[in-house]
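A look at the structure
The primary structure of each chain is shown beneath.
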Amino acid sequence: MKTLTQAAREASTAIELGDAEYDLIIIGGGITGAGIFHLAASQGAKVLLLEQQDFAWGTSSRSSKMVHGGLRYLASGQWKMTRDAARERESLLAELPGLVELMPYLMLHKRGDFPSAAIFHRVLSVYDKLAGSQHHKPLSIERARSWLSEVAFDEISGVSLFADGVTDDARLVLRSLQDGVLAGGLALNYAKVSGFIEGANGISGVEVSINEGQKRHKVKAKCVINAAGCWADKLHPLAQGGLRPLRGSHLVLPFERLPVSACITFYHPQDGRPVYIYPWQACSVIGTTDLDHHGDLDSEPGIAQEEVDYLLGLTRHYFPKQNIEEGDVISSWSGIRPIFSESNDKAPSKESREHIIWSKPGLISVTGGKLTSYHLMAKQTLDKVSEQLPELFDELKRAKFSQSEQGYADKHLSGYFGYFAPQIFAMVNSETIGISRCQWRELEWSVMSEGVTHLDDLLLRRTRLGLQLGAEVIRYREVILQLCCRHLGWSSDEADNEWNRFEQIFNSSYQLPSRQVREDICNG
């Protein structure tokens, strides 16, 4: 059974030898590409996935981590989108315990807000019916006060209690990729597609440079799937409209500074937008914003000061006793949503999150959509492939996630690693790292087996230690680099360079702007 690392080596060798041909080449290693890869490989297709950066480098490691149906889409009349997402949530909760978990949600209703608690109760009844589940319950103000003792309830007139899912989005991508490899596919990160092979009958492959090199290799395929997220229309222009990059940012705080045991939805006093504060990975998270992103898509996005002020302003309004300041923030993250828009006249938060699919002979492109609905996007994309290649698939069956065939592993490892969980469980050192849930043995497994090329791959995506520990991660520098040197063959100089690279990325894109300025002055 191949690991991601073994699959990457096999793919690199085949590309360099120039003798590889595939049924499908998928461009993009986010959740959309990973979902298509897993589904196609599980149907028996010979499939190669290529990602220009690291797996989950873009939006798919920087989302709100929520697996939900999207109540706001129900409120705007998007019934089918809400139903499909809510049912996908139920499937993921059943299929991936330990990776996708149910989390309680509380909506606080102020006097005069729309919807009121009574109306929202009816909406939640419809939401549960669409999902085929029953998660919402009545909750009195008195019970909510005892549950949320730090929250100011002065203006609150009602509370709604329901539930939705939460996950580690990057790990969901990696789980899908690894299970696609177990089904026979090959996936390679740091493989940049620069163009297509075009013939009389359409697209017949791609030109790709691998291992961050300059040489271009040609790789043939019966069909190419462009799942490149925000970059999708650069590879395959849309006939009308375009992709509108929208930035959503989050702040990570110590749980003890902002103790919340449920996801709480607040209407921001500045503009009335719903914003969440929720527990995640032993921390508390505030998010999200919704702004047009004007930066270079090839550069790591970072939070702007106006977003910091906006998110902390919400916290100070509803948690006045906590006196939350910028100094309490451990880290931040910012993701760019690829939103299809026919014009930029709408406010960012009003744009539809529906996905779009467009095609020409030999090429299917897909982008947009929601984390929760990635499997539906994968199925619809492969249905489009079948229109061009009817012989490639029979009836598409839902891709199953791998399970351990022998041995024991706990729920966390089983959810994160599937088939390989017992091997990791049998490794030494189950101690967790700092406040995180990450165990030393799973970090070492990631170094050995999950296609790690750079240190930031390990600390920002295979694990979330950069987000959870912030600057405190330096306490574990020596041990982490020793593992990397042992399993990746880094020299001491290479290890030092990788740590410097990680710190530069973290300080410029995962820290607050005020800290970046101070560090620039100190380093200058």
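Topic: the overall build of the protein
Each helix and strand in the protein was counted, giving 18 helices and 18 strands. Relative to a compact globule of 524 residues, whose C-alpha radius of gyration would be 24 Å, the protein shows 23 Å and is just as compact. Per-residue burial for the protein yields a buried fraction of 60% across its 524 residues. Looking at the protein as shown, the accessible area adds up to about 21500 Å², and 48% of this sits on carbon and sulfur atoms. On the protein, the mean spot of the 55 positive side-chain charges and the mean spot of the 65 negative ones are 5 Å from each other.

Section: helix α10 (residues 374–388)
If you check α10, its first and last C-alpha atoms are 22 Å apart, about what 15 residues at 1.5 Å a residue would give, namely 21 Å. Turning to α10, its buried residues are Y374, H375, M377, A378, T381, L382, V385 and S386.

Structural notes on the nonpolar core
With 86 residues, the main nonpolar core has L24, L50, L382 and V385 as its most contacted residues. Residues Y105, A131, L443 and L469 belong to the second largest nonpolar core, which totals 49 residues.

A few points about the packing of aromatic side chains
By the definition in use, this model includes 15 aromatic pairs. Each ring, one from Y408 and one from F425, has its centre 5.1 Å from the other, and the planes form 85°; the classification is edge-to-face. Here Y408, found in the loop between α10 and α11 (411–417), pairs with F425, found in helix α12 (residues 421–425); they are 17 residues apart in sequence, far enough to count as distant. Judged by relative accessible area, which is 30%, F425 ranks as partly exposed. With centroids separated by 6.3 Å and ring planes inclined at 45°, the aromatic side chains of Y416 and F417 adopt a geometry described as tilted. Of the two residues examined, Y416 and F417, each falls in the buried class. Here R62 stacks its cationic end above the ring of W57, 5.2 Å away from the centre of that ring.

Things to note about helix α14 (residues 455–462)
Of all 8 residues making up α14, 8 are buried, and the element is well covered by its neighbours. Burial in α14 covers these residues: L455, D456, D457, L458, L459, L460, R461 and R462. Contacts made by the buried residues of α14 are with α7 (169–182), α13 (440–449), α15 (465–469), α16 (477–488) and α17 (492–509).

Some points on the pairing of strand β11 (residues 242–254)
A large share of β11 lies buried, amounting to 12 of its 13 residues. When β11 meets strand β16 (residues 331–341), the two strands line up antiparallel, connected through 11 bridges. Among the inter-strand pairings, S249 is bridged to a residue of β16, identified as S334. Strand direction decides the pairing type here: β11 and strand β15 (residues 291–292), joined by 2 bridges, are antiparallel. Bridge pairing in β15 places L246 opposite D292. Sheet analysis places β11 next to strand β14 (residues 283–287), joined by 5 bridges and oriented antiparallel. For H250, the partnering residue across the bridge sits in β14 and is G287.

Considering the pattern of salt bridges
Under the definition given, this model contains 32 salt bridges. Between K2 and E10 there is a salt bridge, and its shortest N-O distance comes to 3.6 Å. Owing to a relative accessible area of 29%, K2 belongs among the partly exposed residues under this scheme. Note on E10: relative accessible area 38%, which makes it partly exposed. Two residues, R501 and D456, come together in a salt bridge whose shortest N-O distance is 2.7 Å. Residue R501 is located in helix α17, and its partner D456 is located in helix α14; the two are separated by 45 residues in the primary sequence. Exposure remark for D456: the relative accessible area of 1% places this residue in the buried category. Three or more residues are tied together by salt bridges with common partners; here these are D54, D456, D457, R461, R462 and R501.

Conventions adopted
- Residues numbered from 1 in each chain as written.
- Predicted model: local features only at pLDDT ≥ 70, side-chain atom pairs only at ≥ 80, totals over all residues.
- Heavy atoms only, no water.
- Helix = DSSP H or I, 4+ residues; strand = E, 2+ residues; numbered from the N terminus.
- Rg over C-alpha atoms; globule rule 2.2 N^0.38 Å.
- Buried < 20%, exposed > 50% of the residue type's maximum accessible area, 1.4 Å probe, protein only.
- Areas by Shrake-Rupley, 256 points an atom, 1.4 Å probe, with all protein chains shown as cover.
- Lys, Arg positive; Asp, Glu negative; His and termini not counted.
- Charge placed at Lys NZ, Arg CZ, Asp CG, Glu CD.
- Expected span 1.5 Å × (residues − 1).
- Core = buried A, V, L, I, M, F, W, Y, C linked by side-chain atoms within 4.5 Å.
- Phe/Tyr/Trp six-rings, centres within 6.5 Å; stacked < 30°, edge-to-face > 60°.
- Lys NZ or Arg CZ within 6 Å of the ring centre and 35° of its normal.
- Contact = heavy atoms within 4.5 Å.
- Pairing = 2+ DSSP bridges.
- Salt bridge = Lys/Arg side-chain N within 4 Å of Asp/Glu carboxyl O.

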